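Overview (structure and organization)
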Amino acid sequence: MSDDLLIAKINHGFQYLDADGDGLITERDHVLMGHSVARSLGHQEGSEAEAVIVRAYLTIWHDLHLAHLPADTESITREQFVRSTGSLADDPEAARTSLGALAEAFLAVADADRSGTVDAGEFFVFQRGHFVGLSRDDADEAFRRLDRDGDGTLSAEEFTDAIIEFWTSRDPEAPGNWWTGTPPHALCP
């Protein structure tokens, strides 16, 4: 399979991770994403609930990004991000470890009712915090594709698999390609 789709997905993801639009992923971007997700979930600015979410995003920055970068690194360029994330496609064990940890952190935030699963409403509200402008229809279509067993919820396994597939799969038919709510064919030129 061609890497075109994989690279397109990684670039698509980068544009949202670079929350301040400066061309770099930094700690500040993680704080901004935490604030955005907290607002999307209905938490008030300055609330403890917001602080918990921001801490989760800072943990992602420190444990998943900085831990794998040279000392004194304070940012990740798009090129670095594409290269390092793309390498996970050829290392399933590393992908499962790092992206599984990301999924676990995201699941803790997205699962607002603490049921252990994410329903379509929780998915939309969580994703809208990441992917500004995401419509409910697009989120529902993505959710339908990610809900592999069709039970109306994303289990921890389905949630994790979706994230791993989005960032690593070259298969144009992989359900995880829909993670951001954007159809895979819309990502490639």
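Along helix H5 (residues 92-110), the positions that sit buried rather than exposed are Ala 95, Ser 98, Leu 99, Gly 100, Leu 102, Ala 103, Phe 106, Leu 107, Val 109 and Ala 110. In the core, the buried residues of H5 are packed alongside helix H2 (27-40), helix H3 (48-65), strand E3 (118-119), helix H6 (120-130) and helix H8 (156-168).

What follows covers H8. With 13 residues, H8 should reach 18 Å at 1.5 Å per residue; the first-to-last C-alpha distance of 18 Å fits that figure. Buried residues dominate H8, accounting for 11 of its 13 residues. Those residues of H8 lying buried are Glu 158, Phe 159, Thr 160, Asp 161, Ala 162, Ile 163, Ile 164, Glu 165, Phe 166, Trp 167 and Thr 168.

What follows deals with the nonpolar core. If you look at the biggest cluster of nonpolar residues, it comprises 45 residues, and the most contacted ones within it are Phe 106, Phe 123, Phe 126, Phe 159, Ile 163, Trp 167 and Trp 179. Tallying contributions element by element places H5 first for this core, with eight residues. Excluding residues that lie within four positions of it along the chain, Phe 126 makes contacts with Val 37, Leu 41, Tyr 57, Phe 106, Val 109, Ala 110, Phe 159 and Trp 179.

Where H5 meets H6, the axes come as close as 10 Å, and the angle between the chain directions of the two elements is 115 degrees. The two elements H5 and H6 meet at a crossing, and its hand is right-handed. In contact with Phe 106, Val 109 and Ala 110 of H5, H6 contributes Glu 122, Phe 126 and His 130. When its residues are assigned to classes, the contact of H5 with H6 shows four nonpolar, one polar and one charged.

This next bit is on the environment of Ile 164. Within the element layout of this structure, Ile 164 appears in helix H8. Of the residues examined, Ile 164 reaches a relative accessible area of 10% and is grouped as buried. Taking the C-alpha atoms as reference points, Ile 164 and Arg 136, separated by 28 residues in sequence, lie 23 Å from one another. Setting aside its immediate chain neighbours within four residues, Ile 164 contacts Ala 95, Arg 96, Leu 99, Gly 100 and Ser 169.

On to the side chain of Thr 26, then. Take Thr 26: it is sitting in strand E1 (residues 24-26). A distance of 3.3 Å separates the side chain of Thr 26 from the backbone nitrogen of Arg 28, its partner in a polar contact. Apart from residues lying up to four places away in sequence, Thr 26 is in contact with Trp 61, Glu 74 and Ser 75.

So, how was this worked out
- Residues numbered from 1 in each chain as written.
- Predicted model: local features only at pLDDT ≥ 70, side-chain atom pairs only at ≥ 80, totals over all residues.
- Heavy atoms only, no water.
- Buried < 20%, exposed > 50% of the residue type's maximum accessible area, 1.4 Å probe, protein only.
- Helix = DSSP H or I, 4+ residues; strand = E, 2+ residues; numbered from the N terminus.
- Contact = heavy atoms within 4.5 Å.
- Expected span 1.5 Å × (residues − 1).
- Core = buried A, V, L, I, M, F, W, Y, C linked by side-chain atoms within 4.5 Å.
- Axes fitted to C-alpha atoms, helices over the stretch in contact; angles between N-to-C directions.
- Left-handed = near helix turned anticlockwise from the far one by under 90°.
- Nonpolar A, V, L, I, M, F, W, Y, C, P; charged D, E, K, R; others polar.
- Polar contact = N/O pair within 3.5 Å; in protein donor to acceptor, adjacent residues only side chain to side chain.

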